[in-house]
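Residue strings, one per chain:
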Amino acid sequence: MKLEDEIKQKKFKTEYEKLLVNILFTSSWLNGAHLKFLKPRGLSQQQYNVLRILRGQHPDPSSIGLISNRMLDKNSNASRLVDKLLDKELIIRTTSKYDRRQKEIAITDKGLDLLKVLDEEFQKFQQQFHTLSVNEAEKLNNLLDKLRG
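Cut-offs and rules
- Residues numbered from 1 in each chain as written.
- Predicted model: local features only at pLDDT ≥ 70, side-chain atom pairs only at ≥ 80, totals over all residues.
- Heavy atoms only, no water.
- Helix = DSSP H or I, 4+ residues; strand = E, 2+ residues; numbered from the N terminus.
- Buried < 20%, exposed > 50% of the residue type's maximum accessible area, 1.4 Å probe, protein only.
- Patch = residues over 30% accessible without salt bridge, like charges linked within 9 Å, V, L, I, M, F, W, Y side chains within 5 Å.
- Areas by Shrake-Rupley, 256 points an atom, 1.4 Å probe, with all protein chains shown as cover.
- Salt bridge = Lys/Arg side-chain N within 4 Å of Asp/Glu carboxyl O.
- Expected span 1.5 Å × (residues − 1).
- Polar contact = N/O pair within 3.5 Å; in protein donor to acceptor, adjacent residues only side chain to side chain.
- Core = buried A, V, L, I, M, F, W, Y, C linked by side-chain atoms within 4.5 Å.
- Axes fitted to C-alpha atoms, helices over the stretch in contact; angles between N-to-C directions.
- Parallel < 35°, antiparallel > 145°, perpendicular 65-115°, else oblique.
- Contact = heavy atoms within 4.5 Å.

**Q** Describe the side chain of H34, listing the residues and the values that go with them.
**A** Topologically, H34 is positioned in helix 2 (residues 15-38). We classify H34 as buried; its relative accessible area is 14%.

**Q** Describe in detail a nonpolar patch on the surface, supporting the description with residues and values.
**A** A cluster of nonpolar side chains, contributed by Y16, L19, I23, L132, L140, L143, L144 and L147, occupies part of the molecular surface with about 740 Å² of accessible area. Elements with a minimum of two residues in the nonpolar patch: helix 2 and helix 7 (134-148). It is helix 7 that provides the largest number of residues to the nonpolar patch, a total of four residues. With respect to the secondary-structure elements, L144 resides in helix 7.

**Q** Give me the lowdown on helix 2, citing residues and values where you can.
**A** Taking 1.5 Å per residue, 24 residues should reach 34 Å; helix 2 reaches 34 Å between its end C-alpha atoms and fits that length. Every buried residue of helix 2 is listed here: K18, A33, H34, F37 and L38. Sitting at the amino-terminal end of helix 2 is T14, which places a side-chain oxygen 3.3 Å from the backbone nitrogen of Y16.

**Q** If you had to explain the nonpolar core to someone new, which residues and values would you point to?
**A** Among the nonpolar cores identified, the biggest contains 25 residues, and L43, L51, I67 and L118 are the most heavily contacted of them. Sorting the residues of this core by element identifies helix 2, helix 3 (45-57), helix 5 (78-87), strand 2 (103-107) and helix 6 (109-126) as the ones contributing at least two each. With six residues, helix 6 is the single largest residue contributor to this core.

**Q** Describe the packing of helix 3 against helix 5, listing the residues and the values that go with them.
**A** For the pair helix 3 and helix 5, the least separation of the axes is 10 Å and the interaxial angle reads 80°. The angle between helix 3 and helix 5 falls in the class roughly perpendicular. Within the contact between the two elements, helix 3 uses Q46, Q47, V50 and L51 and helix 5 uses L81, K84 and L85.

**Q** So, the environment of T131: which residues are in play, and what are the values?
**A** If you trace the backbone, T131 turns up in the loop between helix 6 and helix 7. A distance of 3.4 Å separates a polar atom in the side chain of T131 from the backbone oxygen of Q128.

**Q** Please provide a residue-by-residue account of unusual backbone geometry, values included.
**A** With an omega dihedral of 10°, the bond running from H58 to P59 counts as a cis peptide bond. Here P59 shows up in the loop between helix 3 and helix 4 (64-70). Not every positive phi belongs to a glycine, and K8 is a case in point at roughly 60°. Secondary-structure assignment places K8 in the loop between helix 1 (3-7) and helix 2. According to the relative accessible area criterion, K8 is exposed, its value standing at 70%.

**Q** Explain the pattern of salt bridges to me, using residue names and the numbers behind them.
**A** Note that side chains of opposite charge can pair when their charged atoms are close. What the rule picks out here adds up to seven salt bridges. Among the salt bridges present, the one from E89 reaches K110, with a minimum N-O distance of 3.9 Å. Residue E89 is located in the loop between helix 5 and strand 1 (91-95), and its partner K110 is located in helix 6; the two are separated by 21 residues in the primary sequence. Classification of K110 by relative accessible area gives partly exposed; the value is 44%. In this structure, the salt-bridge partner of D145 is R148, at a minimum N-O distance of 2.5 Å. With a gap of three residues between them, D145 and R148 both fall in helix 7, about one helical turn apart. The class of R148 is exposed, set by a relative accessible area of 62%.

Purely geometric stuff here, so don't read any function into it on its own.
The following block contains the structure:
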């Protein structure tokens, strides 16, 4: 559906204004769809992001700094997210054997198992992008990269 129909706005001052609104609207739409498959598992998008980062590092542990640097949402509080995931027993936190001031965070088997289930659901979630060809998806990725330039 066209943006104008979705938000009931007939016209925009410029194509750049429409682009901004379209990106914000699409982001909100994607976030809502993403939450639909995370919420039943008791996860936020940021917690899911942390688990995926830790799985990427597995079996090596990570630091809070590394997690923070790799987060999609740069405003996330990685320490708070780690605490919540610790409570759910999806990760563990230990003291570094090289520096007692440093904490090491690693994903647990329970966390890895949860991600396996979510991977299947994520594949279904991604199907909505198949309205674009691979070529169109690549072009859109390049344009978004250029926009953030």
